[in-house]
Structure formats: C-alpha cells, structure tokens
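Now for the letters of each chain:
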Amino acid sequence: MNLVEHAGDFAPDLVVPIIGYRQWRMTGGGGLTSMYDGADWPEAEITARCDRGHAPSEVPAKNCGCGVYAYYDPCPRTASATTPDLIGGAVVVWGRIEAHAYGLRGKHARIVALELPLSRGRKRRAVIETAETLGVAAVPHRALKTAALEHGAVLQPSLRPKKTVTRAANIWSRYPPA
Ligand SMILES: [Zn+2]
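Residues numbered from 1 in each chain as written. Predicted model: local features only at pLDDT ≥ 70, side-chain atom pairs only at ≥ 80, totals over all residues. Heavy atoms only, no water.

Enquirer: I tried to follow the confidence of the model for the protein chain on my own but got confused; where do I start?
Expert: Close reading of the predicted structure is inappropriate where its pLDDT is low. This prediction gives the protein chain a mean pLDDT of 85; 83% of its residues lie at or above 70. Predicted confidence in the protein chain is weakest over helix α1 (residues 78-81), with a mean pLDDT of 80, and strongest over strand β7 (residues 137-139), with 97. Predicted confidence for residues 1-10 stays below pLDDT 50, and this span has 16 contacts to residues more than four positions away or in other chains. (pLDDT = per-residue confidence, 0-100. Helix = DSSP H or I, 4+ residues; strand = E, 2+ residues; numbered from the N terminus. Contact = heavy atoms within 4.5 Å.)

Here it is, written out as structure tokens:
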C-alpha cells in the first residue's frame, strides 16, 4: 500500500507519542482553554471527547471535528505575540490519530512545553504561572522543538496526507508551516 496516496484513510494507533504544536488562551490564574472550541484544559493531559456522538473508542473520527488538534510545526512566534492571552506550546499526542496535511487530531494529548513571550511584562508572568500550575516547562520559541523531542517523535511525512485542501477551507492552514 502506498501510504502517501492512502494517507487520508490512515488512522494509525500509534505507540510512540507524536509531537504537535498548538495555541491556547490563558484564562487567568493559570488556566487554559482551547482556542478552537473554548474547551477547558484543566490539566496538562486531556482525552478528547466527541459532542457529535462518537464513542470514546472512535475518537478522533474521520469526517468529524473531534479529537485534540495539533500542528506538525510550531506556530510562528508572531501568531500569539500581539495578543495578551494567546500562547503557543508543544504537546505530545497518542492513541488513535487522524493525520491531516498540516496537523493531526489525536485521542490523548499532554502539554510538554509552553512558549515564553519575548516581552517581560504581565503576559510572561502569566505564562510562567500557567506552566507552573500545569507542571510543564516554559521555554523560548527557539527551544520549543528541542523540548518537544524529549517527549515524543515527529510523525513521519509519509504518513501525512498531501497538502491539497484549499487554504480557505482548511483549518490547518491558519498557521501554514514556514
Ligand atoms: Zn466525532
């Protein structure tokens, strides 16, 4: 089987955690929510649920939006720099995975590092507080990949579908990889 051609049908149950990158909103007091659906991330580790009826064993389901979202590449540092509450970070994802061209949806995810802003003001203090609350590292943008590699592996490109979806219709193209 050609894994590149058939990558859209490929939902591997991976043993090694896969590295991903994403953003969150800080809610104050060390809390985080998903910037995609507003769901709380009360702890570093979460398990995705589907609100459209998929059983836990089916999440993330193909042709659904369920699962924890993560990109293969770090979001650009500028993606969250101008906002007071958006932060980037690295996760590892494991269990069932739906691979997309720019990122993946996974069943389980754990934050392994949060990204420190360049500024030294309130936002930096909030990131450090959030990282301490969750028990994860807070590192500069340039150190994010190295920090992530301590916890997982990159999903090999042959398991990723080609980038054929038009950007306007593709959630994964919001922060196309550099
Ligand atoms: Zn679903």
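Enquirer: Sorry, what's going on with the environment of Gly53 here?
Expert: Inspection of the secondary structure puts Gly53 in the loop between β3 (45-47) and β4 (68-71). Of the residues examined, Gly53 reaches a relative accessible area of 65% and is grouped as exposed. On a C-alpha basis, the gap between Gly53 and Cys66 in space is 9.8 Å, while along the polypeptide they are 13 residues apart. (Buried < 20%, exposed > 50% of the residue type's maximum accessible area, 1.4 Å probe, protein only.)

Enquirer: Help me out: how do you make sense of unusual backbone geometry in this one?
Expert: Glycine aside, negative phi is the norm for most residues, and most peptide bonds take the trans geometry. Residues Val59 and Pro60 are joined by a peptide bond in cis, for which omega reads 0°. Positive phi is not limited to glycine here, since Asn63 has a value of about 60°. Structurally, the position occupied by Asn63 is in the loop between β3 and β4. Overall, the relative accessible area of 72% leaves Asn63 in the exposed class.

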